[in-house]
Amino acid sequence: MLRFEASQLAKALQKWLGNPGKLEPFERLVYGTIRGTPMFLETEFLSLAQAIESFHRLTDDTTVMNPVQFADLRKSIAAAIDQRCSDPIAARLKEAIRFANEPSFQARIDALLGRLPSEAVVKLLGDPQAFGQALRQTRNYLTHQGGKVQSHVVTDTGELYRMNQKLHALLRFLLLTHLGFPPELVLEPVYNQASRRTLL
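The numbers attached to residues start from 1 for each chain and follow its sequence in the written order. Only residues with pLDDT of 70 or above have their local features reported here, since the model is predicted, and side-chain atom pairs are shown and tallied only from 80 upward, although totals for entire chains, interfaces and linings are computed over all residues. Side-chain figures throughout are based on the complete set of non-hydrogen atoms in the structure, without hydrogens or water.

Draft legend 1. Broad picture of the overall build of the protein. Helical segments are the DSSP runs of H or I of at least four residues, strand segments are the runs of E of at least two, and each set is numbered from the N terminus. Each helix and strand counted, the protein has 10 helices and 0 strands in total. Overall, the protein shows an N-to-C arrangement of helices and strands of α-α-α-α-α-α-α-α-α-α. For the exposure calls, accessible area comes from a 1.4 Å probe over protein chains only, and a residue counts as buried if that area is under 20% of its type's maximum, exposed if over 50%, partly exposed in between. Burial analysis of the protein (200 residues in total) assigns 29% to the buried set. Contacts in the protein between residues far apart in sequence, at least 24 positions, make up 64% of those at least 6 positions apart. Summing over all exposed atoms, the protein offers an accessible surface of approximately 13200 Å²; the carbon and sulfur share of this is 58%. Pairs of residues are marked as contacts when any of their non-hydrogen atoms sit within 4.5 Å. Under the convention used here, a 1.4 Å probe and the Shrake-Rupley method define accessible areas, while residue burial counts only the protein chains that appear.

Draft legend 2. Looking closely at the nonpolar core. The term nonpolar core refers to a set of buried residues drawn from Ala, Val, Leu, Ile, Met, Phe, Trp, Tyr and Cys, joined through side-chain atoms within 4.5 Å. If you look at the biggest cluster of nonpolar residues, it comprises 34 residues, and the most contacted ones within it are Phe-45, Leu-135, Met-163, Leu-167, Leu-170 and Phe-173. At the level of elements, helix H3 (40–59), helix H6 (105–114), helix H7 (118–125), helix H8 (128–143), helix H9 (157–178) and helix H10 (183–198) are the ones that each hand at least two residues to this core.

Draft legend 3. Molecular detail of H9. Helix span, as expected, comes to 1.5 Å for every residue beyond the first. Helix length check: H9 (22 residues) gives 31 Å between terminal C-alpha atoms against 32 Å at 1.5 Å per residue, within 8%. Every buried residue of H9 is listed here: Leu-160, Met-163, Asn-164, Gln-165, Leu-167, His-168, Ala-169, Leu-170, Leu-171, Phe-173 and Leu-174. Two N or O atoms count as a polar contact when they lie within 3.5 Å, although within protein this holds only if one can serve as hydrogen donor and the other as acceptor, and sequence-adjacent residues are included solely when both atoms are side-chain atoms. By the N-cap criterion, in which a side-chain oxygen at the helix start approaches the backbone nitrogen of a residue two or three places on, H9 is capped by Asp-156, the distance to Gly-158 being 3.1 Å. Gly-180 sits one or two positions beyond H9 and adopts a positive phi of about 110 degrees.

Draft legend 4. Geometry of the packing of H6 against H8. Viewed as axis vectors pointing N to C, H6 and H8 meet at an angle of 145 degrees, and their least axial separation amounts to 10 Å. In the packing of H6 onto H8, the handedness of the crossing is right-handed. Judged by residue contacts, Phe-105, Gln-106, Ile-109 and Leu-113 of H6 engage Pro-128, Gly-132, Gln-133, Leu-135, Arg-136 and Arg-139 from H8. Side-chain classes follow a simple rule in which Ala, Val, Leu, Ile, Met, Phe, Trp, Tyr, Cys and Pro form the nonpolar group, Asp, Glu, Lys and Arg form the charged group, and the remainder, Gly included, forms the polar group. Of the residues assigned to the contact of H6 with H8, the class counts are 5 nonpolar, 3 polar and 2 charged. Orientation is described by lines fitted to C-alpha atoms, with helices fitted over the stretch in contact, and by angles between N-to-C directions that extend from 0 to 180 degrees. Left-handed describes a crossing whose near helix is turned anticlockwise from the far helix by less than a right angle; the clockwise case is right-handed.

Draft legend 5. Structural context of the environment of Pro-103. Looking at the secondary structure, you find Pro-103 in the loop between helix H5 (89–98) and H6. Overall, the relative accessible area of 16% leaves Pro-103 in the buried class. Through-space distance from the C-alpha of Pro-103 to that of Asp-61 is 9.4 Å; in sequence the pair is 42 residues apart. Not counting chain neighbours up to four residues away, the residues in contact with Pro-103 comprise His-56, Thr-62, Val-64 and Arg-108.

Draft legend 6. A look at the pattern of salt bridges. Should a side-chain nitrogen of Lys or Arg be within 4 Å of a carboxyl oxygen of Asp or Glu, the pair is scored as a salt bridge. Across all of its chains, the model carries 8 salt bridges by this definition. The partner of Asp-60 in a salt bridge is Arg-115, with the nearest N and O atoms 4.0 Å apart. With Asp-60 in the loop between H3 and helix H4 (67–84) and Arg-115 in the loop between H6 and H7, this residue pair connects regions lying 55 residues apart in the sequence. Residue Asp-60 is classed as partly exposed on the basis of its relative accessible area of 21%. Within this structure, Glu-53, Arg-57, Glu-102, Arg-108 and Arg-139 form a network of salt bridges that share partners.

Draft legend 7. A look at the environment of Asp-156. Assignment of secondary structure puts Asp-156 in the loop between H8 and H9. Assessed through its relative accessible area of 39%, Asp-156 is described here as partly exposed. At a separation of 3.1 Å, a polar atom in the side chain of Asp-156 contacts the main-chain amide nitrogen of Gly-158. A distance of 3.0 Å separates the side chain of Asp-156 from the backbone nitrogen of Glu-159, its partner in a polar contact.

Draft legend 8. Structural detail: unusual backbone geometry. Cis geometry marks the peptide bond from Asp-87 to Pro-88; its omega dihedral reads 10 degrees. If you trace the backbone, Pro-88 turns up in the loop between H4 and H5.

Draft legend 9. Representation of H6 within the structure. All of the buried residues along H6 are Phe-105, Gln-106, Arg-108, Ile-109, Leu-112 and Leu-113. Projection of H6 onto a plane perpendicular to its axis shows the buried side chains occupying an angular sector of 160 degrees, all on one side. In this fold, the buried residues of H6 make contact with H3, H7, H8 and H9. What the arc covers is the set of directions going from the helix axis to the C-beta atoms.

Spatial relationships are all this shows, so hold off on functional conclusions.
Written out as C-alpha cells, the structure reads:
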C-alpha cells in the first residue's frame, strides 16, 4: 500500500490535471493492455506491426551492404567512437550502429509487398504506398510517444480498427503464399474474412 502526505497527492493531481491530454497516448497503450478495453487497438496494431517486421526478418536475410564489409566498417566506427567519446555516450553510439546493416522498417514492408501480385495487394490494402506510409508512421508514433504527428499517422479508432484488419489479412496472405499456396487460391478467402471483420 502506498503511503504519502496530502501535499504529495495534491502535487501529483495538479501535475496530472495540469497537462490534459498530454499523456493520453501513453494511457491508451498501458490501460488498453491491462484492462482489455477498446484502447486495445493500439497494442494490437503494435503487435501486428512487429509481426510483419519479424516475418520479413525470418524469411529474408537481405542486408544493406555486404556483411563482411559492414563488420569491418563497424569496427572502424567503434574505434573512432572510443577515441572521441567516453561512456555512456560511447556505448549508446556503438549500440546505434549495431543494426545499421539491417533493412529499414519501410524497406521490409516494400520487400514483403513486392513478393505478392500487385492486384492482390491493392485488393487487400488499397493503395500500397499510402498503406506502407500509414503503417510506418503510425508504428513510429505509437512506439515513440510524444513525437510529431506525421501526415499519415492513424489516430481515429475506426481507421485503426480497419488498419488492424488489413494487417491481419496481409499476414495471413503472406504466410499462406510463403508456405506454397497459390496466391489466386487464397486471395478470396483471406479478403472475404478481412471484409467481414472490417464491417463490424
